[in-house]
Every structure is written in C-alpha cells, then in structure tokens.
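Each chain, written out:
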2 protein chains.
Amino acid sequence: MSHTQDIARVTTSELEAFMRRVLMRCGADEPSTEAVSRALLTASRMGVDSHGLRLLPHYVQAVRGGRVNPSPRMTFSRRMPATGYLDANDGFGHLAGYTAIAHAIAMADDTGMGAVAVGNSSHFGAAGCYPLEAARRGLIGMAVCNSDPFVRLHQGQGAFHGTNPFAFAAPVEGGNPYLLDMATSSIPWNRVRQYAAIGRELPPDVAANAAGDISTEPGEVSSLLPLGGAQFGFKGAGLAGVVEVLSSTLAGMLNGFRLLPMVGPDMSTPRGVGHFFLVMRPDAFNDLETYRARMHEYLTDLRSQPAVKGDEVLAPGDREWRCQAHRDAEGIPLDSANLAAYERLAKELELAPLSVSWQPNGGRMQ
Amino acid sequence: MSHTQDIARVTTSELEAFMRRVLMRCGADEPSTEAVSRALLTASRMGVDSHGLRLLPHYVQAVRGGRVNPSPRMTFSRRMPATGYLDANDGFGHLAGYTAIAHAIAMADDTGMGAVAVGNSSHFGAAGCYPLEAARRGLIGMAVCNSDPFVRLHQGQGAFHGTNPFAFAAPVEGGNPYLLDMATSSIPWNRVRQYAAIGRELPPDVAANAAGDISTEPGEVSSLLPLGGAQFGFKGAGLAGVVEVLSSTLAGMLNGFRLLPMVGPDMSTPRGVGHFFLVMRPDAFNDLETYRARMHEYLTDLRSQPAVKGDEVLAPGDREWRCQAHRDAEGIPLDSANLAAYERLAKELELAPLSVSWQPNGGRMQ
C-alpha cells in the first residue's frame, strides 16, 4: 500500500495503454511490452504498490542504460521431462517469468509437475504474478527469486541476502486463488525509507545499524533483519537461503551477495538475476474433487476463526482480491511522486501523458 | 537442545538396539522398526532433542493404544510420471516418510523431479530426516507436514494451524548437506512448557493467552504466534498455510484444525496426518559442475560474513553437523526425564534396560 497521499487515479486500461507506449518507445518488443505491463498492472490492481506502476520509470532507465535487453531471444531447454532451464538473454524478468511458468505448466500437463530454473534475467516485479498464472489454470504454482543484499544473516553484522521473495498460489474452485507473496525479510526496505521520510520510528525488531546492533531509527538502518527478528531470524535467513539455492545456485547465477544493486549507478551491465518456478497438478496426487473439497473446507475453517478485537482473519490473497475489485471499479491511485515521475516519462519520451482523474478531496484511497 | 540437565549418555548403537527391542516387542514389523529408530537417531544425533529419543515412549503408547498400525501395508500409486500418492495405512509416519521420499527419488531419476503426497499417516518425527535422504544421494529434497492446532492465525484469537514444519536439504559436494528444518511458528510449544517449568518469562512477541492478547507468561499461554510475531505473523501464517495445502489438501486429509491432538486422551483412533515430499535433480536444470561450484561459492560467502559481537554466522545445518560429530564421539545425552521414561519402558515391556554411562559431573553436555 502507498504510504504517501494519493492525489489522482487512473483506469487500468489507460494505465496499460500508457505503459505500452512507454515500453515500445524504449525499443521493447511486443512480448516484453506485454509481459512488463501485465506484471505491473497485476501488482497495482492488487494493491502491491511497491511492485506496481511505481517501477515503470526504473525499467525505462534499465532499458535505456543497456542493462536490460528489450528484444531478447530467450531459449528454453527441456533437460528432462519435468524440468528445464530458461536463458533469459538479459531481457525483462517479467517476460522470463511468464515464459518459464508457461513451460512449467506444459511440463506439468505431461508429467504431473514441472519446474524451470531461469538464468541471465533481471527484476521480475511481484513474484506472485507467475504462480497466479498456474492457479488461474487450476494448478499449484510457486516462484522464488534472489536479489541484491539488504538483509543480514542470523547473527550477521551486515546485509547478505536480498529480500528474496517466496510466492505460492493454489486454485480455489469458484473463487480467487490462495495467494502468498512474501519477502523473507522482517519488513520491506521501502518501509524503512518511508519511515525515514516521515520521521517515524521502526518496530523494535526489524532492522540494524552498520555495527550490527538492532535499531528503530530508520535514518541509521543499514540492513533489515531476516523474518523472525533478532531471536528467531535463523528461520527467515534459512528461508532466504532456500530461495537463494533454488534461484541462483540451480540456475548457475551469482548469489545475491555478489549481485549488482538493482538501484545503483551502473545501469548498463546486465545483472544476471536467477529465478525458479514450479507447477503441480492437484489431480496428479489425488482426485480433483477431493482437492477442491478439502481446499474449500480449509479456507472456510480459516475464515471463520475469531479475530482479536477490532481486526479480522484473512486467508493469503483475500486482501489483494478485495483491493483488486475496488481498484477495477474506482481506478488505481497515484501519489504525487508517481504522477511527477509519469509526467517526466511522457515528456522525455515525447509521448501523450497519462490521463488521470484528480482525487477531489486529495485524500487517501484504498 | 535439551533444557534440563543431562545426567547420562548412550552410544548410538546401544540406543538403536534398545529402540529396536522396544518397537519389535510392541509388534512393529521390521520396516517400521527400522524407519522409526533411524528417524529418532538421526534427530538425536543432530541435537534435535525435541524430535529424538524423547518420542519413543509416545510412539509406544500410540502403537499399544491402536492409533498407529505397527505392520501397515502402505500402497503407492504413481499417478503421473513425476507424481504419486502414498496411502500409509495408519502406519508410522517415519516409514511413510522414508517410503515416499524413496519413490520421489526414483521418479526424479526418470523425469528430473518427483513429488509424493501421503495420506493416512501419523507423526513422522523430524521433518529434516526425509530431505536428507535426497541430499545424501546428490538431490535436493523438501518435506512438509501438518499437525494439530497450536499456532494462531495472523490477528486470530486462538490456535488454528499446527507448528507445520518445512524442511529443505540440498547436497554440498564434499561436505554435509545444507539443511533447514523449521516450524512455521515463532517458537516451539516445548519451549513454552520448559519456560513454565522453570518459571522463566517468554520473549515479548511469540505467544498469546486465551483472549488472544500477547503474553510472556508461559503459564497462561494458549497459542503460539506464527513466525513474524504480532506485526509480521501474516508471513508465518501464510507459510503454515502453504504447508497445510501441500500436506492435507493435496493428500485429501483433514486440515490441522480438525486433527486429533498428537498428545491427548484418545490413543486408539488413527489421526490421518498428511505429508508432502519433493525431490529434484540439480543436473536436471543445469550442469552438475555449475551447481556444485555455485553452492560452494554461496556457502563460502555466507560463512565468511562478520558476525555480531560474541556470536558466529552459520549456514542451516552447520550447528547440527557439529553436534552430530560430537555426539557420535561422546554419546547422546539423556536427562532425568528421558532416563526415567526409558527405565519404565524396559520394565513395562520386560526388556533389558538401556545401558548408559553416567555423566560424572552431572553437568550439561552438548
């Protein structure tokens, strides 16, 4: 969710059209344009603002700097019946992600499950986009990706792992998928920057300073704690390690500690990001009706649990689907930073600007 | 690690022989005897005392009560080339686990990866035992299992998920495997009981009382928080949900909230626990030499990170392998509760007692 004030909104179709204009003007081929705008829209519609429209200007920089290949020749080798490797040819991670998950889905059709390791890729936006493709087709999907260092090890002094996301989606008969998309850090790095900007203290057990001491002062934070904090961070660090093994090690890429920063001065050298995608057919383990009935029962049990006072109990994805319905009806919100960045983009690329509706009260939207 | 004083030690071979005598006297067939003692020894040697020799008396109760079938006919159906279902016929979860991972390994040999959902099973000990079998053969392995409710949902008032463990192992050329075996709760339930016994306060953000309020008073705790605590517990709860979907939903079993308690008055009704196992060949994605080199580089990078003062940085499994080397040389420690339970077992079953060496100083061992 955005933490600054949203001052305008845009329809999904207008935002998509603008993203397409921008990407094509930067030389992106049709598959890359389609993949990047689809992933950013998916995230923005669901309310994952950190991985939505906000990223477009960054991707433009990456293409114009030469880091990302706007018309890659991605090559897939199906090394065994259920597994393969995709060389993303330094193209957009989103295209690599949608391509890899499609191969994993096709292999799962044949053998019950399929997995693809991806090398020579780049940032792929929100990890949840790709397992969602599987879940929309009645399959279980998983995606992980390494990233440049922001998170310290358990008892480590400085940043080592990236926020290394883990995403998982499972189909739900007659409803939106079960969708978990989480970083293996305690909090997102963006949260630290937002708190620094508004002068707010961090929660007590989520970040550390350069000496490795826990700190609640966003201005002095130099690394995030792994999920679990100072005492139980061996779990978050271990999960980040699983993500690392699956994404960089299996794909033959550098581990996150050696990755060039996503946001850094060098926008011309390809980063060699790795991803990993896995797809399974529920009916490859048991009959489909049983899966559907058990999933329904589990989610019904979960959603009927009493909540602590003033709150509610949600299944992973519930908040996102609610946000998506709202934003599909009311438009996707932009804050002043988004608006300014999008105006600059239009000017620099000599394109028609994004057409927005102004928020009458200047207040926050969902 | 044990939190009470260890007063004796036993060699691995003596402990194994005793376990075998006990299990066979209870009617366990040879495969069940072999699987249970192997899993308990694996955990005890590695220092995972909560899932090691301590559990033998519980398993004896479960077999004698009729909950666990001591001579099951487990049936495996390979439903697709990479996937299958194992009906564990209410036998020991350890036998189900070793059987399922062996099938997953065989399928991975054929197709690059393999996965098995297991139904009608029971407690399987330490989840890490089964992926370790894969890693020892040069493969990546994963295991998850649901369990009876101890952990509340994010913003939930009472226990819903079990501690739902996630275990992952990956081979390391020339060394012990990378091994993560973690519960998706903040802390283990055993820790709460230990702290209650010694009158010690819990850490600030790991458990709640019956009203759903966070509590540090072990005596009033009625549920554990998911990994991530009060603020970020949606991550731990989401991971527990992934475990639930893979173990109970895929296998057609009841979700953890509906499971009979592991430790409860009814020791005669089979519980219908579900598990899920996955195995992948590293060389099914990329060439093996690349995998080995990247894994080596990653672990070297990780272990060379500076630690906070007075501590050290470890890869998942490092502590366990160190403990295993120590215990293989010096013996496996027992505390007074273990010793008393093992003496009772020998008496009740009219077996030769466990032969131990007494700890001369009555002090703690590793």
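Residues numbered from 1 in each chain as written. Chains lettered and ligands numbered in written order. Predicted model: local features only at pLDDT ≥ 70, side-chain atom pairs only at ≥ 80, totals over all residues. Heavy atoms only, no water.

Spelled out, the test is: UniProt positions are given in the numbering used here, feature names are shortened, and annotations may be inferred rather than shown by experiment.
Going by an unreviewed UniProt entry, chain A carries the name Oxidoreductase and comes from Litchfieldella anticariensis. Within the UniProt record for chain A, the comment given under Sequence similarities (unreviewed entry) is "Belongs to the LDH2/MDH2 oxidoreductase family."

### Concerning the overall build of chain A
Just so we agree on the cut-off: To qualify as a helix, a DSSP run of H or I must reach at least 4 residues; to qualify as a strand, a run of E must reach at least 2; elements of each kind are numbered from the N terminus. C-alpha atoms define the radius of gyration, and 2.2 Å times the number of residues to the power 0.38 defines the globule rule. Relative accessibility decides the category of a residue: with a 1.4 Å probe and only protein chains considered, values under 20% of the type maximum give buried, values over 50% give exposed, and everything between is partly exposed. Every residue pair with non-hydrogen atoms within 4.5 Å of one another is taken to be in contact.
Within chain A, the secondary structure is distributed over ten helices and 14 strands. For 366 residues, the compact-globule estimate of 2.2 N^0.38 gives 21 Å, and chain A sits close to it at 20 Å. Counting across all 366 residues of chain A, residues that qualify as buried make up 61%. Contacts in chain A between residues at least 24 apart in sequence constitute 68% of all its contacts with a sequence separation of at least 6.

### A short note on the relation of the copies chain B and chain A
Stated precisely, the cut-off is as follows: Alignment of the copies relies on least squares applied to C-alpha atoms, considering only residues that score at least 70 for pLDDT in both.
Structural alignment of chain B on chain A gives an RMSD of 0.0 Å, achieved by rotating through 180° and translating 0.0 Å along the axis. The operation mapping one copy onto its partner corresponds to a two-fold rotation axis. Using C-alpha coordinates, one finds that chain B approaches the rotation axis most closely at B:Gly228, a distance of 2.5 Å. Most of the interface of chain B is mirrored in chain A, where 100% of its interface residues again form contacts.

### A few points about the pairing of strand β5 (residues 140–145) of chain A
Residue and element names in this part refer to chain A. Cut-off, in case you're wondering: A pair of strands is considered paired only if DSSP assigns at least 2 bridges between the two.
Burial of β5 is extensive: six of the six residues sit out of reach of the surface. Judged by which residues are buried, β5 turns out to be covered on both faces: Ile140, Met142 and Val144 on one side and Gly141, Ala143 and Cys145 on the other are all buried. Bridge analysis of β5 against strand β12 (residues 273–280) gives six bridges, and the strand direction is antiparallel. Paired with Ile140 across the two strands is Met280, which belongs to β12. In this sheet, strand β8 (residues 166–170) lies alongside β5 in antiparallel orientation, the contact comprising four bridges. By the bridge assignment, Met142 is partnered in β8 with Phe168.

### Let's talk about the sheet that holds strand β14 (residues 357–358) of chain A
Residue and element names in this part refer to chain A. The criterion, for reference: Fitting a line to C-alpha atoms yields each axis, with helices limited to the stretch in contact; the angle taken between N-to-C directions then spans 0 to 180 degrees.
Taken in spatial order, the three strands line up as β13-β1-β14 in an open sheet, and their pairing is antiparallel. Sheet topology places β13 (332–335) and β14 at the edges, where each strand pairs with a single neighbour. Bridge count for strand β1 (residues 6–10) against β14 is two bridges, and the pairing is antiparallel. Looking across to β14, one finds that Ala8 is bridged to Trp358. Against the sheet, helix α10 (residues 336–348) touches β1, β13 and β14, its axis set at about 85° to β13.

### Considerations on the interface of chain B and chain A
Under the convention used in this document: Throughout, buried area stands for the accessible area (probe radius 1.4 Å) lost by two parts on being put together, summed over both. Take a side-chain nitrogen of Lys or Arg and a carboxyl oxygen of Asp or Glu: if they are within 4 Å of each other, that pair is a salt bridge.
Listed per partner, the contact involves 89 residues of chain B and 89 residues of chain A. A combined buried area of about 6900 Å² lies between chain B and chain A, and 68% of that area is made up of carbon and sulfur atoms. When residues of chain B are sorted by the area they lose upon contact with chain A, B:Lys235, B:Phe285 and B:Tyr298 head the list and together hold 10% of the total. Our count for the chain B to chain A interface comes out at four salt bridges. The partner of B:Arg258 in a salt bridge is A:Glu297, with the nearest N and O atoms 3.7 Å apart.

### Let's talk about the side chain of A:Arg152
Inclusion rule: Charged residues are defined here as Lys and Arg on the positive side and Asp and Glu on the negative side; His and the ends of the chain fall outside this count. The definition of a polar contact used here is a pair of N or O atoms within 3.5 Å, where within protein one atom must be able to donate a hydrogen and the other to accept one, and adjacent residues in sequence count solely through side-chain atom pairs.
Along the chain, A:Arg152 falls in strand β6 (residues 151–152). No salt bridge is formed by the buried A:Arg152; the nearest opposite charge belongs to A:Asp213, separated by 6.7 Å. At a separation of 3.3 Å, a polar atom in the side chain of A:Arg152 contacts the main-chain carbonyl oxygen of A:Gly156. Leave out the neighbours within four places in its chain, and A:Arg152 touches A:Gly158, A:Ala159, A:Phe160, A:Ala208, A:Gly212, A:Ile214, A:Ser223, A:Leu224, A:Leu225, A:Pro226 and B:Val308.

### Notes on the sheet that holds strand β13 (residues 332–335) of chain B
Residues and elements named next belong to chain B. Pairing is antiparallel across the open sheet formed by three strands, whose spatial order is β13-β1-β14. Looking at strand neighbours, the two that pair on one side only are β13 and β14 (357–358), the edges of this open sheet. Strand contacts of helix α10 (residues 336–348): β1 (6–10), β13 and β14, with the helix running at about 85° to β13, the strand carrying the most contacts.

### What about the environment of B:Ala207?
All names here are of chain B. Locating Ala207 in the fold gives a position in strand β10 (residues 207–209). Ala207 gets classed as buried once you look at its relative accessible area, which sits at 0%. Beyond its immediate stretch of four places on either side in the chain, Ala207 contacts Leu202, Asp213, Ile214, Ser215, Val221, Ser223, Leu224 and Leu225.

### Structural notes on empty space enclosed by the protein
For the record, the criterion: Note on definitions: the grid is 1 Å and covers protein atoms alone; a cavity is a set of points where a 1.4 Å probe fits but cannot get out; a pocket is an open set with protein on both sides within 12 Å along at least five of seven lines; lining residues have an atom within 4 Å of a point. Grid points are joined across faces, edges and corners, and a volume is the space filled by probe spheres set on the points. Charged residues are taken to be Asp, Glu, Lys and Arg, nonpolar residues to be Ala, Val, Leu, Ile, Met, Phe, Trp, Tyr, Cys and Pro, and polar residues to be all remaining types, Gly included.
Evaluation of the coordinates by the stated rule reveals five cavities of 30 Å³ or more. Taken as a whole, the largest cavity spans an internal volume of roughly 320 Å³. Forming the boundary of the largest cavity are 29 residues, of which A:Met142, A:Phe166, A:Val242, B:Met142 and B:Phe166 lie nearest the centre. Looking at the lining of the largest cavity, the elements with two or more residues in it are β5, β8, α7 (229–249) and β12 of chain A together with β5 (140–145), β8 (166–170), α7 (229–249) and β12 (273–280) of chain B. A class-by-class count of the residues in the lining of the largest cavity yields 25 nonpolar, four polar and no charged.

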